[in-house]
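Chain by chain, the residues:
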Number of protein chains: 4
Amino acid sequence: MSKHTRTRETRGSITGPAPDATARQPRNRRLPAQERQDQILDAALLVFSERGFGAARMDDIAERAGMSKGGLYAHFRSKEAVFEAVLQRMLMPDLLFSEQVAGSAEADVALQDSSSLASAIDEFLERAYGRLKDERFVRTLHLLIAEGPRAPHALKPWNLRHAELLRKQQAAVTQAVSSGQLRDSALTDMVQLIHAPVLLAAILRFLQDAESVQVTLAKLRAAHRRLLLESLAPKAVADS
Amino acid sequence: MSKHTRTRETRGSITGPAPDATARQPRNRRLPAQERQDQILDAALLVFSERGFGAARMDDIAERAGMSKGGLYAHFRSKEAVFEAVLQRMLMPDLLFSEQVAGSAEADVALQDSSSLASAIDEFLERAYGRLKDERFVRTLHLLIAEGPRAPHALKPWNLRHAELLRKQQAAVTQAVSSGQLRDSALTDMVQLIHAPVLLAAILRFLQDAESVQVTLAKLRAAHRRLLLESLAPKAVADS
Amino acid sequence: MSKHTRTRETRGSITGPAPDATARQPRNRRLPAQERQDQILDAALLVFSERGFGAARMDDIAERAGMSKGGLYAHFRSKEAVFEAVLQRMLMPDLLFSEQVAGSAEADVALQDSSSLASAIDEFLERAYGRLKDERFVRTLHLLIAEGPRAPHALKPWNLRHAELLRKQQAAVTQAVSSGQLRDSALTDMVQLIHAPVLLAAILRFLQDAESVQVTLAKLRAAHRRLLLESLAPKAVADS
Amino acid sequence: MSKHTRTRETRGSITGPAPDATARQPRNRRLPAQERQDQILDAALLVFSERGFGAARMDDIAERAGMSKGGLYAHFRSKEAVFEAVLQRMLMPDLLFSEQVAGSAEADVALQDSSSLASAIDEFLERAYGRLKDERFVRTLHLLIAEGPRAPHALKPWNLRHAELLRKQQAAVTQAVSSGQLRDSALTDMVQLIHAPVLLAAILRFLQDAESVQVTLAKLRAAHRRLLLESLAPKAVADS
DNA sequence: AATGAATGAGAGTTCATTCAT
DNA sequence: TATGAATGAACTCTCATTCAT
């Protein structure tokens with residue numbers, strides 16, 4: 001990508017107030033490798049998600065990681081390598097939006113009766129839409145979507161993990177259906193449908209900035225709730 | 001030879017076989033401004049969507065447009081300007097995925113009875129999922145999502161148009177509900193829910209490349225179909 | 001010179017309010033060659049003196065001359081050629097600061113008695129320092145000094161003319177000395193000394209902008225006057 | 001081959017034999033920042049004064065400084081910045097032609113009797129006209145006059161320093177007048193008049209190249225000497 | 001003659017990467 | 001390991017000049 005476009009590039013409107021979460025260490029401190037790595041990846045995530053891969057500079061990352069540019073290269077062979085490591089790590093400590101899946105799966109597993117279905121749904125929604133208020137999460141997702149295709153091999157593990165989670169949840173849901181806890185429906189045919197509206201919400205967040213989607217998001221969530229309730233409540237429950 | 005040539009960058013896996021649809025003119029031919037502009041924007045769309053804004057080079061665009069790099073600047077002030085023009089044009093001839101909305105709206109309006117509901121849905125699905133086979137469309141969408149936030153002002157008209165179409169369709173759907181053609185449901189509360197699965201499908205396309213999602217897409221479409229049928233069919237019809 | 005520095009170059013502080021004296025013709029008008037040439041050279045003088053040779057663009061000149069860039073090339077082979085033509089013309093209608101010399105020479109020749117010496121000096125000073133209020137003159141002189149060395153061959157005729165004028169005036173002055181009208185002094189040894197302070201004044205104008213030199217210029221002129229009176233007045237007159 | 005290569009431009013006739021004083025270091029050597037800066041500014045002064053700001057290329061400067069073009073940017077933000085730094089430095093180690101003023105001031109202060117006035121004057125002239133043989137000095141002065149107006153803020157400190165020196169000398173001269181060492185005259189009214197002929201000489205150097213002015217310069221210097229002697233020698237001395 | 005799109009060779013600037021310290 | 005100056009290959013943008021119209 002261009003190297004000196006930067007200046008001209010509209011720095012992402014997503015960009016918040018430059019979080020700078022990483023406390024600036026007194027520099028030149030020698031740190032255990034692992035700790036340094038983490039610092040770097042934290043910094044890199046921020047920078048990549050703020051600027052995109054192309055517009056991110058090693059200097060930016062280094063500065064945020066509290067070290068010099070050259071120092072980065074003691075830990076990562078290249079910018080590309082940093083990027084991939086960031087992507088890799090996305091799914092380890094934090095399952096990104098796959099976690100929704102997992103969360104919902106647990107919730108589903110836990111549900112017992114009609115009241116708990118509603119509350120399980122609410123919990124799921126709270127978790128899912130709550131994340132959209134987390135600027136970091138939104139950026140990360142955006143990074144994944146925007147730049148992921150650039151590094152398909154880095155994407156692979158993510159895809160695998162995602163698939164696995166989906167499989168698990170699908171199994172749980174199917175089980176819940178056959179036990180009568182959930183109604184058989186399009187949503188139970190394919191659990192992704194359960195998450196689709198959240199993804200839509202996230203995309204709107206990218207494209208429209210936090211405030212202006214506020215209302216839409218609320219309505220979307222309400223409709224989503226209705227959808228889940230209507231589609232998932234077992235016949236008996238729904239009819240009663 | 002060099003240490004950090006562009007080549008290093010993983011050129012987007014999306015990248016097809018370099019279409020080069022634009023027949024290379026005999027160069028130096030003077031063209032009407034409008035025609036040139038179109039050529040340039042065609043070329044730029046390809047290049048931007050293949051590489052992303054950052055990695056796209058004016059040279060690439062120029063070459064694809066069959067002219068010299070410098071020549072571009074007779075028509076656009078900067079790379080940024082080309083990018084914005086591309087985004088602008090996205091919504092003129094072709095309403096991007098908003099058009100799905102419009103299409104579906106017409107379909108909805110047209111529906112009369114149960115059989116036509118099913119076929120309207122099928123038409124909608126055909127159009128919506130059919131687009132995902134169009135590499136160009138997918139790239140464009142990806143570009144919009146990935147790089148749009150970089151140029152929020154260029155995004156504004158798109159947002160407006162999109163909002164307008166949604167409004168229209170929402171009105172049509174609400175009307176269809178009160179006339180009994182559609183059942184009142186979460187999906188009619190908020191038409192976006194109708195499209196959400198398609199967006200999910202599109203995102204999967206970005207992240208996983210055409211072939212590997214093939215199966216998932218088919219299943220998703222089927223589930224989507226079931227969802228629409230179950231949720232939208234008027235009670236009487238559904239119960240009969 | 002650099003071609004795209006321009007934007008960054010501090011546009012000369014000398015630059016006044018963009019004179020634009022040349023009335024913008026309705027374009028595309030076909031004009032007699034001579035008239036066009038003049039228009040072009042007028043425009044070119046302005047642009048060159050405002051920006052310097054390097055930063056001046058053919059577009060600028062063309063626009064100010066009320067024609068298209070390409071049109072220039074019907075009259076001049078190159079930017080260099082325009083520049084030289086400008087320099088050439090400097091000495092035809094207007095002898096630049098050589099004219100001061102000439103003017104003063106005539107004045108000298110005319111002087112008869114003590115009162116007319118004083119008034120001749122005052123006339124000379126008025127003419128010489130008056131010019132410094134003429135932004136155009138100052139710019140032209142600056143252009144000559146700043147860019148002249150770039151085109152020594154274009155400078156040659158100017159130098160010849162200048163030398164001739166000096167010779168003439170030197171002769172007149174020497175004559176005036178032997179006839180007792182002027183006292184023999186350093187200034188009559190070398191007429192350039194008579195003009196030196198004006199040149200100093202002009203240089204200050206370049207380096208300090210009109211207003212801030214105002215006072216200095218006035219004082220310089222007064223001192224210059226005293227110098228001329230004291231040095232040139234014949235003994236008898238001075239002693240009386 | 002090309003149509004408008006740099007080569008076309010008449011490279012300044014001032015241009016000497018490309019001094020290249022700076023011995024080419026073995027490259028890539030890491031130097032203390034200050035030393036590098038100096039190397040760069042030395043190189044830049046040469047290049048700017050040879051070609052003028054516009055025609056100077058960063059490549060040229062880099063090459064003369066014995067480093068790569070990109071390396072310059074570790075020390076200076078832009079070409080403009082280099083230029084300003086060059087101008088700044090002009091007045092630090094070496095007060096440019098202001099120093100003449102200072103030198104002369106000291107000389108004046110030192111003068112005691114008629115013999116020392118003559119020798120003080122000769123020293124002053126030697127210093128002043130001697131500089132004109134220094135190609136570097138002449139170029140620097142030309143640069144200041146030609147390109148200074150382009151960067152008025154860089155000029156300001158120079159102006160201040162210059163003004164201060166003038167003030168000092170004016171005071172010294174006025175003092176010398178009241179103590180009877182110098183005669184009250186136009187030249188003591190305004191010390192600039194003392195220097196004016198030197199400036200004229202310098203300008204001639206720009207416009208006419210070293211050899212052809214040789215004679216003129218000698219004559220000018222002689223006349224200048226006479227002027228100073230006649231004007232500055234105290235009455236008694238002059239009359240005796 | 002005139003127009004202005006088109007060309008094409010830079011020029012300034014950026015930045016991933018290297019390497020002397 | 002860490003630092004940051006240095007490298008060098010892009011890359012964007014400019015502009016003198018040409019040329020189809």
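Residues numbered from 1 in each chain as written. Chains lettered and ligands numbered in written order. Predicted model: local features only at pLDDT ≥ 70, side-chain atom pairs only at ≥ 80, totals over all residues. Heavy atoms only, no water.

Scanning chain A from terminus to terminus reveals 12 helices and 0 strands. Listed by position from the N terminus, the elements making up chain A come as α-α-α-α-α-α-α-α-α-α-α-α. Within chain A, buried positions represent 55% of all 240 residues. In chain A, the proportion of contacts linking residues at least 24 apart, taken out of those at least 6 apart, comes to 74%. Carbon and sulfur atoms form 53% of the exposed surface of chain A, whose accessible area is close to 10,500 Å². (Helix = DSSP H or I, 4+ residues; strand = E, 2+ residues; numbered from the N terminus. Buried < 20%, exposed > 50% of the residue type's maximum accessible area, 1.4 Å probe, protein only. Contact = heavy atoms within 4.5 Å. Areas by Shrake-Rupley, 256 points an atom, 1.4 Å probe, with all protein chains shown as cover.)

This part covers the relation of the copies chain A and chain B. Superposition record for chain A on chain B: RMSD 0.2 Å, screw rotation 180°, translation along axis 0.0 Å. The transformation just described matches what one would write down for a two-fold rotation axis. The fraction of interface residues of chain A whose copies in chain B are also interface residues reaches 88%, indicating that both copies meet through the same surface. (Least-squares fit on C-alpha atoms with pLDDT ≥ 70 in both.)

On to the packing of aromatic side chains, then. If you walk through the whole model with that rule in mind, you get 12 aromatic pairs over all chains. Ring centres of A:Phe48 and A:Phe53 lie 5.6 Å apart, and the angle between their planes is 20°; this geometry places the pair in the stacked category. Each member of the pair, A:Phe48 as well as A:Phe53, is classed as buried. Here the guanidinium or amino end of C:Lys79 rests over the ring plane of C:Phe53, the centre of that ring lying 4.6 Å away. (Phe/Tyr/Trp six-rings, centres within 6.5 Å; stacked < 30°, edge-to-face > 60°. Lys NZ or Arg CZ within 6 Å of the ring centre and 35° of its normal.)

Right, let's talk about the pattern of salt bridges for a bit. Taken as a whole, this structure holds 56 salt bridges over all chains when the rule is applied. Between A:Asp59 and A:Lys69 there is a salt bridge, with the nearest N and O atoms lying 3.3 Å from each other. On the criterion of sequence distance, the pair formed by A:Asp59 in helix 2 (residues 58–64) and A:Lys69 in helix 3 (residues 69–75) is long-range, its members being 10 residues apart. Put simply, D:Asp184 and C:Arg226 hold a salt bridge, and the shortest N to O gap is 2.7 Å. Of this pair, D:Asp184 sits in the loop between helix 8 (152–178) and helix 9 (186–189) while C:Arg226 sits in helix 11 (residues 210–232), on two different chains. Residue D:Asp184 is classed as partly exposed on the basis of its relative accessible area of 43%. (Salt bridge = Lys/Arg side-chain N within 4 Å of Asp/Glu carboxyl O.)

The next subject is the interface of chain A and chain B. At the interface, 49 residues of chain A touch 47 residues of chain B. Between chain A and chain B, the buried area comes to about 4,200 Å², and carbon and sulfur atoms account for 66% of it. If you sort the residues of chain A by the area they bury against chain B, A:Arg150, A:Leu207 and A:Arg226 come out on top, with a joint share of 15%. In this assembly, chain A and chain B are joined by 4 salt bridges. Inspection of the chain A/chain B interface yields 14 residue pairs in polar contact (both at pLDDT 80 or more). (Buried area = accessible area lost by both parts, 1.4 Å probe. Polar contact = N/O pair within 3.5 Å; in protein donor to acceptor, adjacent residues only side chain to side chain.)

What follows concerns the environment of A:Asp59. Residue and element names in this part refer to chain A. With a relative accessible area of 37%, Asp59 lands in the partly exposed category. Between the alpha carbons of Asp59 and Leu193 there is a distance of 42 Å; along the sequence they are 134 residues apart. Reaching out from Asp59, the side chain makes a polar contact with the side chain of Lys69 at a distance of 3.3 Å.

All right, on to the confidence of the model for chain A then. Residues and elements named next belong to chain A. Of all residues in chain A, 74% have pLDDT values of 70 or greater, and the mean over the chain is 78. The weakest mean pLDDT in chain A belongs to helix 5 (residues 98–110) at 47; the strongest belongs to helix 9 (residues 186–189) at 96. Predicted confidence for residues 92–103 stays below pLDDT 50, and this span has 31 contacts to residues more than four positions away or in other chains. (pLDDT = per-residue confidence, 0-100.)

So, on to the side chain of A:Lys79. Residue and element names in this part refer to chain A. Mapped onto the elements, Lys79 comes out in helix 4 (residues 79–90). Lys79 gets classed as buried once you look at its relative accessible area, which sits at 17%. Polar contacts involving the side chain of Lys79 include one to the main-chain carbonyl oxygen of Ala56, which spans 2.8 Å.

Let's shift gears to helix 1 (residues 33–55) of chain A. Every α-helical turn comprises 3.6 residues, leaving residues that sit three or four positions apart pointing alike. All names here are of chain A. Between its terminal C-alpha atoms helix 1 stretches only 27 Å, short of the 33 Å expected from 23 residues at 1.5 Å a residue. Remark: the principal bend of helix 1, roughly 80°, maps to Ser49. Taken across its 23 residues, helix 1 has 17 buried, putting it largely inside the fold. (Expected span 1.5 Å × (residues − 1). Bend = angle between axes of the 7 residues up to and from the residue.)

Let us look at the packing of helix 7 (residues 135–147) of chain A against helix 7 (residues 135–147) of chain B. Between helix 7 of chain A and helix 7 of chain B, whose axes approach to 9 Å, the crossing angle comes to 145°. The chirality of how helix 7 of chain A crosses helix 7 of chain B is left-handed. On the side of helix 7 of chain A, the interface is formed by A:His142, A:Ile145 and A:Ala146, while helix 7 of chain B contributes B:His142, B:Ile145 and B:Ala146. Across the contact of helix 7 of chain A with helix 7 of chain B, the residue classes tally to 4 nonpolar, 2 polar and no charged. (Axes fitted to C-alpha atoms, helices over the stretch in contact; angles between N-to-C directions. Left-handed = near helix turned anticlockwise from the far one by under 90°. Nonpolar A, V, L, I, M, F, W, Y, C, P; charged D, E, K, R; others polar.)

Here we take up the packing of helix 4 (residues 79–90) of chain B against helix 7 of chain B. Two quantities define a packed helix pair, namely the angle between the helix axes and the distance between the axes. Residues and elements named next belong to chain B. Running from amino to carboxyl end, helix 4 crosses helix 7 at an angle of 125°, the nearest separation of the two axes being 11 Å. As judged from the angle between their axes, helix 4 and helix 7 are oblique. Helix 4 and helix 7 meet at a crossing whose hand is left-handed. In this structure, helix 4 uses Phe83, Val86, Leu87 and Met90 to contact helix 7, whose residues at the interface are Thr140, Leu143, Leu144 and Glu147. Across the contact of helix 4 with helix 7, the residue classes break down as 6 nonpolar, 1 polar and 1 charged. (Parallel < 35°, antiparallel > 145°, perpendicular 65-115°, else oblique.)

Mapping C:His142 onto the fold places it in helix 7 (residues 135–147). In this structure the C-alpha to C-alpha distance between C:His142 and C:His195, which are 53 residues apart in sequence, comes to 17 Å. Polar side-chain contacts of C:His142 include one of 2.9 Å to the backbone oxygen of D:Ile145.

What follows concerns the side chain of D:Gln208. For D:Gln208, the position within the fold is in helix 10 (residues 192–208). A polar contact of 3.3 Å, which involves the side chain of D:Gln208, links it to the side chain of C:Asn159. With residues near it in sequence (within four places) discarded, D:Gln208 still touches C:Asn159 and D:Val213.

Here we take up the environment of C:Phe76. Residues and elements named next belong to chain C. Relative to the helices and strands, Phe76 resides in the loop between helix 3 (69–75) and helix 4 (79–90). With 39 residues separating them along the chain, Phe76 and Gln37 place their C-alpha atoms 8.8 Å apart. Phe76 has contacts with Gln37, Ile40, Leu41, Ala81, Val82 and Ala85, leaving out every residue within four places of it along the chain.

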